Structures are given as C-alpha cells and as structure tokens.
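Each chain is listed here by its residues.
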Amino acid sequence: MKIAFCTSDDPGSAIIRAATWSEFSHVAQVLPDGERVVEAVLPGVRVTSIEQLVRNHTRISLVDIPCADEGAAAEAALSQVGKPYDWRALLGIGLHRDWQSDEKWFCSELLAWCLAQGGKRLFRAEAMRRVTPQHLWALNFPVFADDQARC
C-alpha cells in the first residue's frame, strides 16, 4: 500500500509536527489507481486527487508498505469517507489520553487501521490510539519517491 507522507508551511502543519515530534504533519493513502488518495483532514475523511495533495503540500515522500490485500485496505479507506476528522486524537497524543474514536479519524490512525484491514498489522491494538505520522515514518520501509525540490 502506498502512503504519501506530507508537510507544508502552514501553521497547522507546524503545530502537528511539534505535537507529534514528526518531520511530517500528514499522511494519505494512495489508492490502487495511483490517481487518487484517501485522507483524513478537516472537516473529515475524503477522496481527492494526487495533484491536489501535491498542490497542498511543500514536501511529499511516497512509501510502499506491503500488505497482504491492498484491495481490502483501499476498500476499508473508502468505507470511512465522510467520517469526521478527529481533533481529540491529536490532543490525546499531546496529553497522553485515549480519546480515539471509531467514528472519527486522525490521518495516521486511519492509515494504520487500513493497513490492518489489508492484513498488515503494524501496531498493537492498544497502541492504535497514538499512531502519528512519525510512527509510520519510523518503520523500515523504502521511500520510493521523495519530492524535496518544492521545499
């Protein structure tokens, strides 16, 4: 499953990077068609084009995390479209509280859940409430595209 790790220069990105100790403020799942992504952003989970993702960020790195069933991971992501963004999860990470909700998503929680639905469980169930972009980035999977020229 391809994941786009993203960052931008806006204040919200800086706050998320600081709160999660991450080089990246956002992650999105690239769908199998390679043209669209599923992402959890304000106001909620949506499908958008890869071109729009690129326009919204100053840096994007693409990583391929193999999973047993990429189709199932994509279907799982698409099944969450329309659910709201989970601001409380971000606050929970900073305050060390479990405010995770199955009805709301923070971007990296959504991706970790989708990977698990595709047969690639990367984290213990009790740790899913604290998955940040940095946790996903720290996994040892090769970066196959790194767009730093736009920084």
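Here is a short report on the structure shown in this document. (Residues numbered from 1 in each chain as written. Predicted model: local features only at pLDDT ≥ 70, side-chain atom pairs only at ≥ 80, totals over all residues. Heavy atoms only, no water.)

### Description of helix α1 (residues 11-20)
Move 1: For α1, the full list of buried residues reads Ser 13, Ile 16 and Thr 20. For α1, the arc enclosing every buried residue in end-on projection is 65°, short of the 170-degree limit, so these residues lie on one face. Of the exposed residues in α1, those oriented more than 90 degrees away from the buried face are Pro 11, Ile 15 and Ala 18.
Move 2: Put simply, Asp 10 is the residue that caps the front of α1, since its side-chain oxygen is 3.1 Å from the backbone nitrogen of Gly 12.
Move 3: Note on α1: the residue one or two positions beyond its end, Trp 21, has a positive phi of about 55°. (Buried < 20%, exposed > 50% of the residue type's maximum accessible area, 1.4 Å probe, protein only. Helix = DSSP H or I, 4+ residues; strand = E, 2+ residues; numbered from the N terminus. Arc of directions from axis to C-beta. Polar contact = N/O pair within 3.5 Å; in protein donor to acceptor, adjacent residues only side chain to side chain.)

### Section: a nonpolar patch on the surface
Move 1: On the surface, Val 47, Leu 78 and Val 81 cluster together into a nonpolar patch covering about 200 Å² of accessible area.
Move 2: Mapped onto the elements, Leu 78 comes out in helix α3 (residues 70-79). (Patch = residues over 30% accessible without salt bridge, like charges linked within 9 Å, V, L, I, M, F, W, Y side chains within 5 Å. Areas by Shrake-Rupley, 256 points an atom, 1.4 Å probe, with all protein chains shown as cover. Salt bridge = Lys/Arg side-chain N within 4 Å of Asp/Glu carboxyl O.)

### A word on the nonpolar core
Move 1: Counting 29 residues, the largest nonpolar core has Met 1, Ile 3, Phe 5, Val 27, Ala 40, Leu 110 and Leu 136 as its most contacted members.
Move 2: Sorting the residues of this core by element identifies β1 (2-7), β3 (36-40), α3 and α5 (107-117) as the ones contributing at least two each.
Move 3: Per-element tally for this core: the top contributor is α5, with six residues.
Move 4: When neighbours within four sequence positions are excluded, Leu 110 is seen to be in contact with Val 38, Ala 40, Val 45, Gln 80 and Trp 105.
Move 5: Counting nine residues, the second-largest nonpolar core is a separate cluster that includes Ala 4, Val 30, Val 37 and Ile 50. (Core = buried A, V, L, I, M, F, W, Y, C linked by side-chain atoms within 4.5 Å. Contact = heavy atoms within 4.5 Å.)

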